[in-house]
Amino acid sequence: MANPIKELLERMPAITSQSDTPLIRWSILAIAVIAVWFWVVEPLQAWNNELGEQVGRNADKVARLLALEKNASLWLEAETEANIVRTEKEEQLFVSASDTQAQAQIQFILRAMALARNLSIESQKLIPAEPMVPIGHRLPVEIGLRGELIDALYFLDDVSRAEKLLVIDQWIVQIDRLGRAYLRPTVAGIRPV
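Residues numbered from 1 in each chain as written. Predicted model: local features only at pLDDT ≥ 70, side-chain atom pairs only at ≥ 80, totals over all residues. Heavy atoms only, no water.

S.K.: Now, about the packing of aromatic side chains: what can you tell me, with residues and values included?
M.R.: In this structure the tally under the stated criterion is zero aromatic pairs. The lysine or arginine in question, Lys-164, covers the ring of Phe-94, its NZ or CZ lying 5.6 Å from the ring centre. (Phe/Tyr/Trp six-rings, centres within 6.5 Å; stacked < 30°, edge-to-face > 60°. Lys NZ or Arg CZ within 6 Å of the ring centre and 35° of its normal.)

S.K.: Can you lay out the pairing of strand S3 (residues 136-147) for me, pointing to particular residues and giving the numbers?
M.R.: Counting buried positions over the twelve residues of S3 gives ten, a clear majority of the element. Of the strand pairs in this sheet, strand S1 (residues 120-126) and S3 are connected by six bridges, and their pairing is antiparallel. Of the residues in S3, the one forming a bridge with Leu-126 is Val-141. Note: strand S2 (residues 130-132) against S3, three bridges, orientation antiparallel. Counterpart to Glu-130 in the pairing with S3 is Arg-138. As consecutive antiparallel partners, S2 and S3 are separated by three residues. Here S3 pairs with strand S5 (residues 181-192) via ten bridges, running antiparallel. Pairing of Gly-147 across the sheet is with Ala-181, part of S5. (Buried < 20%, exposed > 50% of the residue type's maximum accessible area, 1.4 Å probe, protein only. Helix = DSSP H or I, 4+ residues; strand = E, 2+ residues; numbered from the N terminus. Pairing = 2+ DSSP bridges.)

S.K.: I'd like a rundown of the side chain of Arg-138, residues and numbers included.
M.R.: Topologically, Arg-138 is positioned in strand S3. Once residues within four sequence positions are removed from consideration, Arg-138 is found in contact with Ala-129, Glu-130, Met-132, Asp-169, Ala-188 and Gly-189. (Contact = heavy atoms within 4.5 Å.)

S.K.: Tell me about helix H4 (residues 99-116), and name the residues and values.
M.R.: Compared with an ideal rise of 1.5 Å per residue, which puts 18 residues at 26 Å, H4 spans 26 Å between its outermost C-alpha atoms and is within 8% of the ideal. Along H4, the residues classified as buried are Asp-99, Ala-102, Gln-103, Ile-106, Gln-107, Leu-110, Met-113 and Ala-114. An end-on view of H4 places all buried positions within 145° of arc, on one side of the element. The exposed residues of H4 that point more than 90 degrees off its buried face are Phe-108, Leu-115 and Ala-116. Once H4 ends, the next one or two residues include Asn-118, with phi positive near 60°. (Expected span 1.5 Å × (residues − 1). Arc of directions from axis to C-beta.)

S.K.: Give me the lowdown on the pattern of salt bridges, citing residues and values where you can.
M.R.: Counting across every chain of the model gives nine salt bridges. Residues Glu-130 and Arg-138 are paired through a salt bridge, measuring 2.9 Å at the closest nitrogen-oxygen approach. Notably, a salt bridge pairs Arg-161 with Asp-157, separated by 3.1 Å at the nearest N-O pair. The class of Arg-161 is exposed, set by a relative accessible area of 63%. A relative accessible area of 30% places Asp-157 in the partly exposed class. Salt bridges here are not isolated pairs; linked through shared partners, they connect Glu-122, Arg-146 and Asp-176. (Salt bridge = Lys/Arg side-chain N within 4 Å of Asp/Glu carboxyl O.)

Take a look at the structure:
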């Protein structure tokens, strides 16, 4: 029985003499270069690219934060002014628990204006609320009035100058054969949400 290790050692000089050929040396060098490229250089390049992108993103964030910090006082002043204006304007809106209560307030104001101008109220109609994003709800009310034409026109003027914000959407005036006017305006108020 022959010893396999002994046989391998006896053949070793022949194997080492064949490994000294240029083809094998260049092949081993090419394999080593490819291995270094895929295991060292390419991962380093990918990491470098990713790091560069992250630095760019962070630089953009820093620039935005610096701009926000620089303009923070302007934003605070604008917010304060907006809150003041909102508070002032909310006094003109119909603040109530429900749309129906706000429409009742609108009807009350319109009745008082009509009676102040000697107009008789012939009809009143609540029209369903319409959403006004982002303000709240628009609450139209239609009212039918009869009286003198000049009083009807003064009534429209009174509505446009009311303390509460009232918008005349549309109005119709008809004159009957006795010379009396029939005015049917649709007036809307706003209820904030």
